[in-house]
Amino acid sequence: MSYIFVHGLGQTASAWDKVLERLGCQPECLCPDLPELIRGKEVKQYAELYELFSGYCDKVSGPVHLCGLSLGGILALNYTIDHPHKVLSLVLIGAQYKMPKGLLRFQNVLFHLMPGSMFDQIGFGKQDFISLSKSMKELDFSGKLDKLLCPVLVLCGDRDRANQKAAHGLAQRIPHAELAIVGNAGHEVNVDAPKRLAELLDGFWEGL
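**A word on unusual backbone geometry**
- Despite not being glycine, His176 has its phi angle at roughly 65 degrees, a positive value.
- Within the secondary structure, His176 is located in the loop between helix 8 (161-173) and strand 6 (178-182).
- For Asn184, which is not glycine, the phi torsion reads 55 degrees and is therefore positive.
- If you trace the backbone, Asn184 turns up in the loop between strand 6 and helix 9 (189-192).
- Judged by relative accessible area, which is 61%, Asn184 ranks as exposed.

**Some words on the sheet that holds strand 1 (residues 2-6)**
- Pairing in this open sheet of six strands is parallel, and the strands run 2-1-3-4-5-6 from one edge to the other. The outermost strands of the open sheet, each flanked by one partner alone, are strand 2 (29-30) and strand 6.
- Two strands pair when backbone bridges link them, and strand 1 and strand 3 (residues 64-69) are joined in this way by five bridges, in the parallel orientation. Opposite Tyr3, over in strand 3, you have His65 as the bridge partner.
- Its contacts with the sheet place helix 4 (residues 71-82) against strand 1, strand 3 and strand 4 (87-93), and it is angled at close to 145 degrees to strand 3.
- Relative to the sheet, helix 8 contacts strand 4, strand 5 (152-157) and strand 6, its axis offset from that of strand 5 by approximately 165 degrees.

**Digging into the side chain of Ser142**
- Position of Ser142 relative to the elements: it lies in the loop between helix 7 (126-135) and strand 5.
- A polar contact is formed between the side chain of Ser142 and the side chain of Asp140, at a distance of 2.6 Å.
- Contacts of Ser142, omitting those with residues within four sequence positions, involve Tyr97, Lys98 and Arg173.

**Observations regarding the packing of aromatic side chains**
- Following the criterion strictly, the structure yields five aromatic pairs and no others.
- Ring geometry for Phe5 against Trp205: centres 5.9 Å apart, planes inclined by 85 degrees, an arrangement best described as edge-to-face. Here the residue Phe5 occupies a position in strand 1, and Trp205 occupies one in helix 10 (residues 194-206), the gap between them amounting to 200 residues.
- For Phe5, a relative accessible area of 0% puts it in the buried group.
- Every member of this aromatic cluster is reached through a ring pair, and the members are Tyr3, Phe5, Trp16 and Trp205.

What counts as what
Residues numbered from 1 in each chain as written. Predicted model: local features only at pLDDT ≥ 70, side-chain atom pairs only at ≥ 80, totals over all residues. Heavy atoms only, no water. Helix = DSSP H or I, 4+ residues; strand = E, 2+ residues; numbered from the N terminus. Buried < 20%, exposed > 50% of the residue type's maximum accessible area, 1.4 Å probe, protein only. Pairing = 2+ DSSP bridges. Contact = heavy atoms within 4.5 Å. Axes fitted to C-alpha atoms, helices over the stretch in contact; angles between N-to-C directions. Polar contact = N/O pair within 3.5 Å; in protein donor to acceptor, adjacent residues only side chain to side chain. Phe/Tyr/Trp six-rings, centres within 6.5 Å; stacked < 30°, edge-to-face > 60°.

As structure tokens, this is what we get:
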């Protein structure tokens, strides 16, 4: 049994380091690095990234627990919907289930203004990053949330205003989902509040 932690766009796998070192349960943890996952491949669409992520999870022996933040949460949710018998539990942090098109358009304007060197640091070329973001605008898992079979924990930072509505929506639409708002945290809960996040994860998994 493995626990897979999936980081957000703009992060790397190291964003989970301070969380993992605080976990009391000490599970077998895997942290795929999305830039490494796509290295050497031309990935400009969400579907292409998801195919690579899905292949990564498929290769993990036995059932898995998934924990994803932001883009990582979207990938984890997508995989859980597609492979309900593979996933034992799901944790979604600052994740959307229906892409807010207005927010994506605003983000893409900002991305166009940012220098390419900032994208190189996170392993994505600027144009690929922008194309990936644009390709996500039609994603909508609303009609499939009630089909989730596993226990689900929904988390969101108390300063993450852009994603709190989606967090409440996920908790309402997913059967038996738990919701917790993490204090003193923005969107990157794994970076802003690693100790509290580890406590929430330990409590969730120990209660399964």
